[in-house]
Amino acid sequence: MPGEIVLVVGARPNFMKIAPLHAELSRRGVKQLLLHTGQHYDENMSKVFFEDLGMPEPDIYLGIGSGSHAEQTAKVMVEFEKICIEHKPSMIVVVGDVNSTIACSMVAAKLWIPSAHVEAGLRSFDRKMPEEINRILTDTICDLLLTPSLDGNENLLKEGVEKHKIHFVGNIMIDSLMINLERARNCNIHSLLNIEKGKYGVVTLHRPSNVDNQEAFERIITALEVVGGNIPLVLPLHPRTKKQAENFGLSDRLKSIPNIIITEPAGYLDFVSLMASAKIVLTDSGGLQEETTTLSIPCVTLRENTERPITVTEGTNTIVGNDTDTIISTVLDILENGGKTGCIPDLWDGKTAVRISDILLSHIKNND
Ligand code: UD1
């Protein structure tokens with residue numbers, strides 16, 4: 001009798017990628033274990049997402065917490081191995097590119113437990129990003145590589161991955177977006193923040209390359225000082241960014257950006273609500289590049305590259321890096337001329353969880 005499918009979540013961007021899959025597998029009566037590594041643990045980085053996404057509490061919580069990359073990855077591995085030995089899952093599913101993703105894949109590979117990687121094949125080709133290392137390694141050892149866009153298939157084939165492992169399934173995060181958009185639009189976050197729909201920008205910032213480097217952080221703040229003079233900005237502050245602003249003595253400057261509203265990290269529904277009615281989004285997040293493309297909101301990405309190039313070629317995304325003048329000129333141009341309209345990429349249609357479930361179940365059946 002095959003064991004459960006273990007669905008792994010660890011950090012904020014994982015929750016909206018697992019919720020639709022968990023719901024679809026539940027609908028089909030599949031036995032599953034929802035496992036949270038605890039990489040993110042603050043209520044507003046974790047619990048609120050379970051509530052907003054209608055996901056049950058995790059069956060297993062490893063409580064790993066923060067640490068250096070080695071510490072965090074190693075602690076997840078030690079604890080996850082015990083769970084795998086005890087439960088003998090029929091398969092594990094990991095999503096995205098965080099430390100929990102590679103840690104759990106590595107454990108499964110060495111215990112010969114079949115594994116699936118959702119959001120496989122994405123590459124920024126920038127090995128200074130910890131996530132790029134996690135992506136490459138995870139795709140090397142997982143059995144099923146489920147890609148959100150065809151560039152993912154091409155990257156994997158170029159790396160020599162066998163074709164039968166690769167399945168183009170679409171973007172599961174967009175399942176969550178489509179399921180929850182109506183509810184999100186009914187949130188009262190705009191009146192709480194006293195902002196008018198369509199007349200503000202949303203900013204998110206947390207990449208080590210932007211906030212762990214003082215000069216880069218200051219270049220972005222200088223740009224936001226000018227942008228804030230043109231349009232009100234909402235900045236839900238990531239804990240890493242808050243900590244680094246304090247370390248560099250930049251907290252006061254951040255708070256003094258004209259017309260900026262700095263909030264705690266937002267929950268899923270509040271954030272989707274903010275993003276869906278924004279005039280522009282400035283971000284260094286990966287997921288937001290995809291969500292803004294789907295919502296047809298112009299996105300200015302404060303990074304040198306992206307692992308999600310389809311958001312640039314087909315969507316609303318413009319890559320600008322962290323040079324002050326480039327950020328300012330791009331944003332002002334979008335505010336004046338409206339920016340790219342873009343289109344929704346193939347299979348970002350809200351049905352990715354259905355396709356993934358079909359593939360997982362047929363793989364388990366064939367291995368039985
Ligand atoms: C992690 C992911 C990143 C993802 C991001 C989304 C890795 C390598 N990075 O980065 O890909 O885009 O999550 O948020 O996995 N902290 C808290 N409370 C929390 C979690 C973190 O205060 O609930 C603070 C801690 O001080 C911690 C720091 O934030 O040291 C960074 O957290 P960490 O999980 O190491 O990385 P992120 O920057 O969140």
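Residues numbered from 1 in each chain as written. Predicted model: local features only at pLDDT ≥ 70, side-chain atom pairs only at ≥ 80, totals over all residues. Heavy atoms only, no water.

Visitor: Just checking my understanding: could you explain the pairing of strand S1 (residues 5–9) for this structure?
Guide: Successive side chains on a regular strand alternate, one facing one side of the sheet and the next facing the other. Most of S1 is tucked away, with five of its five residues classed as buried. The pairing of S1 with strand S2 (residues 32–36) spans five bridges and is classified as parallel. Note that in S2 the partner of leucine 7 across the bridge is leucine 34. Handedness of the crossover is the feature at issue here: the chain leaves S1, passes through helix H1 (residues 12–27), returns alongside S2, and the resulting connection is right-handed. Two elements, S1 and strand S4 (residues 91–95), share three bridges in a ladder whose sense is parallel. The partner of valine 6 across the bridge, within S4, is isoleucine 92. (Buried < 20%, exposed > 50% of the residue type's maximum accessible area, 1.4 Å probe, protein only. Helix = DSSP H or I, 4+ residues; strand = E, 2+ residues; numbered from the N terminus. Pairing = 2+ DSSP bridges. Right-handed = clockwise from strand over helix to strand, strands pointing away.)

Visitor: Before we go on, may I ask you to explain the sheet that holds strand S13 (residues 317–319) in this structure?
Guide: Paired through backbone hydrogen bonds, the strands of a sheet run either parallel or antiparallel to each other. Reading across from one edge, S10-S9-S8-S11-S12-S13 is the order of the six strands in this open sheet, with parallel pairing throughout. Each edge of the sheet is formed by a strand with only one pairing partner; in this case those strands are strand S10 (260–263) and S13. Across the sheet, the mean angle separating the axes of adjacent strands is 20° when strand polarity is ignored. In this structure, strand S11 (residues 280–283) lies alongside strand S12 (residues 299–301), joined through three bridges in parallel fashion. Looking across to S12, one finds that threonine 283 is bridged to threonine 301. Here helix H13 (residues 268–276) sits on the sheet and contacts strand S8 (201–204), strand S9 (233–236) and S11; the angle it forms with S8, its principal contact strand, is near 130°. (Axes fitted to C-alpha atoms, helices over the stretch in contact; angles between N-to-C directions. Contact = heavy atoms within 4.5 Å.)

Visitor: Whenever I open this one, the pairing of S2 confuses me. Can you help?
Guide: Most of S2 is tucked away, with five of its five residues classed as buried. Neither face of S2 is open: one carries Gln32, Leu34 and His36, the other Leu33 and Leu35, and all of them are buried. In the sheet, S2 pairs with strand S3 (residues 60–61) via two bridges, with the strands oriented parallel. Of the residues in S3, the one forming a bridge with histidine 36 is tyrosine 61. On the question of chirality, the crossover connecting S2 to the parallel S3 by way of helix H2 (residues 47–53) is right-handed.

Visitor: Where do I start with the packing of H13 against helix H14 (residues 287–295) in this structure?
Guide: For any two helices packed against each other, the geometry is given by the interaxial angle and the distance between the axes. Contact geometry of H13 with H14 gives a least axis separation of 10 Å together with a crossing angle of 55°. Between H13 and H14, the angle falls in the class oblique. Of the two elements, H13 crosses H14, and the hand of that crossing is right-handed. Where H13 approaches H14, its residues Tyr268, Phe271, Met275 and Ala276 are matched on the opposing element by Leu288, Glu291, Thr292 and Leu295. Among the residues making up the contact of H13 with H14, the classes are represented as six nonpolar, one polar and one charged. (Parallel < 35°, antiparallel > 145°, perpendicular 65-115°, else oblique. Left-handed = near helix turned anticlockwise from the far one by under 90°. Nonpolar A, V, L, I, M, F, W, Y, C, P; charged D, E, K, R; others polar.)

Visitor: I would appreciate a short explanation of the site of the ligand in the present structure.
Guide: With respect to spatial proximity, 19 residues lie near the ligand, and among them Gln39, His40, Glu131, His206 and Arg240 are the closest. In this structure, tyrosine 41 approaches the ligand through a main-chain N or O atom, which is 2.9 Å from an oxygen atom. A distance of 2.8 Å separates a nitrogen atom of the ligand from a polar atom in the side chain of aspartate 42. Put simply, the parts of the chain that give the shell around the ligand at least two residues each are helix H3 (69–87) and helix H11 (239–247). At three residues, H11 tops the list of elements feeding residues into the shell around the ligand. Of the residues contributing to the shell around the ligand, the split by class is five nonpolar, eight polar and six charged. A domain split of the shell around the ligand shows at least three residues from each of domain 1 (5–170 + 348–366) and domain 2 (180–337). (Near = heavy atom within 4 Å. Polar contact = N/O pair within 3.5 Å; in protein donor to acceptor, adjacent residues only side chain to side chain. Domains from an automatic or database assignment.)

Visitor: Is there a simple way to think about the pattern of salt bridges in this case?
Guide: Where charged atoms from two side chains of opposite charge come close, those side chains can pair. Within this structure, the stated rule accounts for 23 salt bridges. Ionic pairing is found between arginine 28 and aspartate 358, a salt bridge with its closest N-O pair at 2.7 Å. Taken together, the positions of arginine 28 in the loop between H1 and S2 and aspartate 358 in helix H17 (residues 352–367) put the pair 330 residues apart, joining distant regions of the chain. The exposure class of arginine 28 is partly exposed, given its relative accessible area of 29%. (Salt bridge = Lys/Arg side-chain N within 4 Å of Asp/Glu carboxyl O.)

Visitor: What exactly am I supposed to notice about the packing of aromatic side chains here?
Guide: The relative placement of two aromatic rings is captured by the distance of their centres and the angle of their planes. Taken as a whole, this structure holds two aromatic pairs when the rule is applied. Here phenylalanine 15 and phenylalanine 49 contribute two aromatic rings whose centre-to-centre distance is 6.0 Å and whose plane-to-plane angle is 35°, an arrangement assigned as tilted. In this pair, phenylalanine 15 is assigned in helix H1 and phenylalanine 49 in helix H2, connecting sequence segments 34 residues apart. Counting every residue linked through ring pairs, the aromatic cluster contains Phe15, Phe49 and Phe50. (Phe/Tyr/Trp six-rings, centres within 6.5 Å; stacked < 30°, edge-to-face > 60°.)

Visitor: Help me understand the domain arrangement of the protein, please; the structure alone is not making it clear to me.
Guide: When the parts of a complex come together, some accessible area is lost, and that lost area is often used as the size of the interface. Taken domain by domain, the protein consists of domain 1 (5–170 + 348–366) and domain 2 (180–337). Taking only C-alpha atoms, the centre of domain 1 and the centre of domain 2 are 27 Å apart. Facing 21 residues of domain 1, the contacting portion of domain 2 comprises 22 residues. Counting each side, the surface lost to burial between domain 1 and domain 2 is near 1800 Å², with a carbon and sulfur contribution of 57%. Joining domain 1 to domain 2, the criterion identifies four salt bridges. Joining domain 1 to domain 2, the criterion identifies eight residue pairs in polar contact (both at pLDDT 80 or more). When residues of the side of domain 1 that touches domain 2 are traced back to their parent elements, those giving at least two are H1, H2 and helix H5 (130–141). (Buried area = accessible area lost by both parts, 1.4 Å probe.)

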